[in-house]
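# Chains, contacts and geometry: an overview
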Amino acid sequence: MSSRSGPDSTTEVVRWAAFSCVLVPLVLLWHGTSPAGAAGTALGLAAVTAVCRLLLRRSERGAARQPAEEPAPHRGRHQRTGSGAHRGERSGGRPGGRSGARSGGRGNTPVG
């Protein structure tokens, strides 16, 4: 695959997928699979290729429209908006987020 982006690379991906839709059943026939099994495999691969082509084209159209619209700010994988409770925090009135129920009401001292 080339390093180009855009319609050329999408067309190239679809061409390789179509090539695979022909090659895989031939290899299956070569290795003794029934013609019906090879035909079913070819139909399945063709269906997957068609869906992937549709999704790639839709993605290209969406990417072409993106600069025209105001892009939403990218926050990254782990950043969150707002000031809600974060993962792992417990609610409660005590410092450290513990309510004291599990520690017997003695704060954050270890058991022992």
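Now for a quick tour of the structure.

### Quick word on the overall build of the protein
Check the secondary structure of the protein and you find two helices and zero strands. The burial tally for the protein puts 11% of its 112 residues in the buried class. Excluding contacts between residues fewer than 6 apart, the proportion of contacts in the protein whose partners are at least 24 apart in sequence is 37%. Per element, the accessible surface of the protein, about 9500 Å² overall, is 58% carbon and sulfur.

### Describing the side chain of threonine 49
Along the chain, the position of threonine 49 falls in helix 2 (residues 35-65). Side-chain polar atoms of threonine 49 contact the backbone oxygen of leucine 45, separated by 2.8 Å. With sequence-adjacent residues up to four places away left out, threonine 49 is seen in contact with Ala17, Ala18 and Cys21.

### Quick notes on the state of the cysteines
By definition, a disulfide is the covalent link that joins the sulfur atoms of two cysteine residues. Counted under the stated rule, the structure contains zero disulfides. With no disulfide partner, cysteine 21 has as its closest neighbouring cysteine sulfur the one in cysteine 52, 9.9 Å distant. For cysteine 21, a relative accessible area of 14% translates into the label buried. Residue classification places cysteine 52 among the partly exposed positions, given a relative accessible area of 42%.

So, how was this worked out
- Residues numbered from 1 in each chain as written.
- Predicted model: local features only at pLDDT ≥ 70, side-chain atom pairs only at ≥ 80, totals over all residues.
- Heavy atoms only, no water.
- Helix = DSSP H or I, 4+ residues; strand = E, 2+ residues; numbered from the N terminus.
- Buried < 20%, exposed > 50% of the residue type's maximum accessible area, 1.4 Å probe, protein only.
- Contact = heavy atoms within 4.5 Å.
- Areas by Shrake-Rupley, 256 points an atom, 1.4 Å probe, with all protein chains shown as cover.
- Polar contact = N/O pair within 3.5 Å; in protein donor to acceptor, adjacent residues only side chain to side chain.
- Disulfide = S-S within 2.5 Å.

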